[in-house]
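# Descriptive analysis of the structure
Below, each chain spelled out in residue letters.
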Amino acid sequence: MSFNIKKDTHTIILTDDFITAHNLNLGLKVPILAFSSIQNSKNLIKQLKNTNIKKIIFTVRLSDETQKIDYLIEKLLSGLLDVGYDVEIKTYFDIESMYDSSVLEMFNNNVS
């Protein structure tokens, strides 16, 4: 699922949660790519191929599932770094914390 990604997009928000992507799209209208059940970075890199995207802000909700975060960093983000993407990780605890003014400002200032 993707929102607002155009040819001249250089930075996107990447999330592993469709609800987060939908909420960010409603609130910010920034370039977003969401996925579910991805096993490695190959499919993601394939989607990003032939774009101008250089920076990825990966958003992940913190929970008791720390193994999930470790897996995403090991399998997904390391693959993106290996092929030259600038990757930044932003975490949030719940929908309310995602809409904190400092978080929204960071997204607005860093996504193009």
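Placed above this text is the structure.
First, a word on what this report is: a plain description of the structure on this page.

Conventions used here
Residues numbered from 1 in each chain as written. Predicted model: local features only at pLDDT ≥ 70, side-chain atom pairs only at ≥ 80, totals over all residues. Heavy atoms only, no water. Salt bridge = Lys/Arg side-chain N within 4 Å of Asp/Glu carboxyl O. Helix = DSSP H or I, 4+ residues; strand = E, 2+ residues; numbered from the N terminus. Buried < 20%, exposed > 50% of the residue type's maximum accessible area, 1.4 Å probe, protein only. Phe/Tyr/Trp six-rings, centres within 6.5 Å; stacked < 30°, edge-to-face > 60°.

### Notes on the pattern of salt bridges
Side chains that differ in sign of charge can pair as their charged atoms come close. The final tally for this structure, using the stated rule, is two salt bridges. Note that K55 is salt-bridged to E88, the shortest N-O span being 3.1 Å. Pair noted here: K55 is in strand β4 (residues 55-61) and E88 is in strand β5 (residues 86-92), with a separation of 33 residues, a long-range link. Accessibility expressed as a relative area gives 17% for K55, which makes it buried. By relative accessible area, E88 is classed as partly exposed at 22%. Notably, a salt bridge pairs K90 with E88, separated by 3.1 Å at the nearest N-O pair.

### Re the packing of aromatic side chains
Tallying each qualifying case throughout the model produces one aromatic pair. Relative to F58, the ring of F35 lies with its centre 6.4 Å away and its plane at 10°, an arrangement referred to as stacked. Residue F35 is found in the loop between β3 (32-34) and α2 (42-48), and its partner F58 is found in strand β4; the two are separated by 23 residues along the sequence.

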